[in-house]
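Report on the structure
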Amino acid sequence: MKTTKLIIVGGFLGAGKTTLLWNVAQKLTMEGLHVGLITNDQAPELVDSKLLSLNDLKVAEVSGSCFCCNFNGFTDAIQKIRAEAAADVIIAEPVGSCADLSATIMQPLKQYWNSELQIAPLSVLADPIRLESILAGENAGLHPDAAYIFRKQLEESDIILINKTDLLNDEQIEHLKQRTNQVFPEATIMTVSAAKGTGINEWLEQVTVRQDAGKRLVDMDYDIYANGEAVLGWLNGTVTLQGEHTDWDTFTRNFLSDLSDEFDNNNLAVGHVKIIAENGNKFTTGNITGSSDTLSMRGSAGESNHIKMIINARVETSPEKLDRIVRRTLDKLSNKHTTEVLAWRYLQPGRPQPTHRFSEIIAV
């Protein structure tokens, strides 16, 4: 079988990884390449997987643990995509709270899979607002241990890809690039707007040609790392809603807005909240990555009597409190609808237990 280019795109929750994957996959497909995607989460029922599959992309999902703690599950997904999609390129998106990827993913791949995969440099996507705070020595509105994970992601990256440049002017972009280079001088600093598609070509030129993947290892305090993940409550739920002539775009926006208000009123930091509302072949997606002013929507589910909705939430609170807030907000908004829960799980991630953790760089 031919070798496959593997591109791993890390980055903290809310950085915009799924939007980048979707745009890159579309671009590469239009160029005649076979592209596969691998998503990852601590639990099933992912908005990301549904969104990508609705756009006719070949998607495999590794759920229940991160790539590093289920390395065999990750490589099984790689094999599946290579076989079923005859993939020229696979793009993989690790859990947003996952770090130490160079030691636990990049080095094992180079050691055991170098003959089958061309492994691209490790890219870490960064939200500019959170990045600016981290560069200033602050915590980006996160618990200090969660901010520690974000810093370690940046520290081990081969490429730091600053996203959402459509929200910045040229002066702000240049200043942020310079500051990032000062703090992380060993990484290549690039910029992109995943939403607008700008900067993608330049980044692809780097990751499709360079072979210097996983150039550095970081010192990782696994006690801090474990607590940084554990401060987040995780919730994945799938429901159906029925109500006559409902505008599901408005419904979804109001749901996200009300959720955001609840989190703000309770002083709860948001990693991300994602929703996809699916109405046949029409759908809308929405997300928040912080306070209410981060709310964004895309697509349209239109009007109908029935919708299927997937909800993913990562918020700094207990899983039980997160469950109560999401259920209460949904019940309040859907009091004129019939709601059926198809799947619902809330949890707190366990301590990371990597399958492999290399202590030296593997040369290719």
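Residues numbered from 1 in each chain as written. Predicted model: local features only at pLDDT ≥ 70, side-chain atom pairs only at ≥ 80, totals over all residues. Heavy atoms only, no water.

1. So, the pattern of salt bridges
Using the following cut-off: Note on definitions: salt bridges are taken to be side-chain nitrogens of Lys or Arg within 4 Å of carboxyl oxygens of Asp or Glu. Only DSSP runs of H or I with at least four residues qualify as helices, and only runs of E with at least two residues qualify as strands; both kinds are numbered from the N terminus onward. The cut-offs for exposure are 20% and 50% of the maximum accessible area for each residue type, with area from a 1.4 Å probe on protein chains only; residues under the lower value are buried, those over the upper are exposed, and the others partly exposed.
Considering all chains together, one arrives at 14 salt bridges under this definition. With a closest N to O distance of 3.1 Å, Glu116 and Arg82 form a salt bridge. You can see Glu116 sitting in the loop between helix H4 (101-112) and strand E5 (117-119) and its partner Arg82 sitting in helix H3 (residues 71-85), a full 34 residues away along the chain. Of the residues examined, Glu116 reaches a relative accessible area of 29% and is grouped as partly exposed. Taking the relative accessible area as the measure of exposure, Arg82 reaches 5% and is therefore buried. When salt bridges that share partners are traced, they join Lys58, Lys80 and Glu84 into one network.

2. Looking at helix H9 (residues 222-230)
Short version of the rule: Residues adjacent in sequence count toward polar contacts only when both atoms are side-chain atoms; beyond that, a polar contact is any pair of N or O atoms within 3.5 Å, and within protein one must be able to donate a hydrogen and the other to accept it.
Along H9, the positions that sit buried rather than exposed are Tyr222, Tyr225, Ala226, Gly228, Glu229 and Ala230. For H9, the N-terminal capping position is held by Asp221, with its side-chain oxygen 2.9 Å away from the main-chain nitrogen of Asp223.

3. Brief notes about the packing of aromatic side chains
Heads up, the rule is: Aromatic pairs are defined between Phe, Tyr and Trp rings, using the six-membered ring for Trp, whenever the two ring centres lie within 6.5 Å; interplanar angles under 30 degrees are classed as stacked, those over 60 as edge-to-face, and all others as tilted. Counted as over-ring charges are cases with an Arg CZ or a Lys NZ within 6 Å of the ring centre that also lie within 35 degrees of the ring normal.
All chains considered together, the criterion is met by five aromatic pairs. Of note, Arg298 hangs over the ring of Trp22, and the distance from its end group to the ring centre comes to 5.4 Å.

4. Focus: the nonpolar core
Note the following rule: The nonpolar core is taken to be a set of buried Ala, Val, Leu, Ile, Met, Phe, Trp, Tyr and Cys residues, with the residues joined through side-chain atoms within 4.5 Å. We call two residues in contact whenever any of their non-hydrogen atoms come within 4.5 Å of each other.
Core analysis: the largest hydrophobic core is formed by 58 residues, its most contacted members being Ile38, Phe74 and Leu109. Non-local contacts of Ile38, meaning those with residues more than four positions away in its chain, are made with Ala60, Val62, Phe67, Phe74, Ala77, Ile78, Ile81, Ile90, Ile91, Ala92 and Glu93. Among the nonpolar cores identified, the runner-up in size contains 27 residues, and Phe263, Ile311, Leu322 and Leu330 belong to it.

5. Concerning the pairing of strand E7 (residues 159-162)
For the record, the criterion: At least two DSSP bridges between two strands are required for those strands to pair.
Covered by surrounding structure in E7 are Ile159 and Leu161 together with Ile160 and Ile162, the residues of both alternating faces. In this structure, strand E6 (residues 123-126) lies alongside E7, joined through four bridges in parallel fashion. Pairing of Ser123 across the sheet is with Ile159, part of E7. Sheet analysis places E7 next to strand E8 (residues 188-191), joined by four bridges and oriented parallel.

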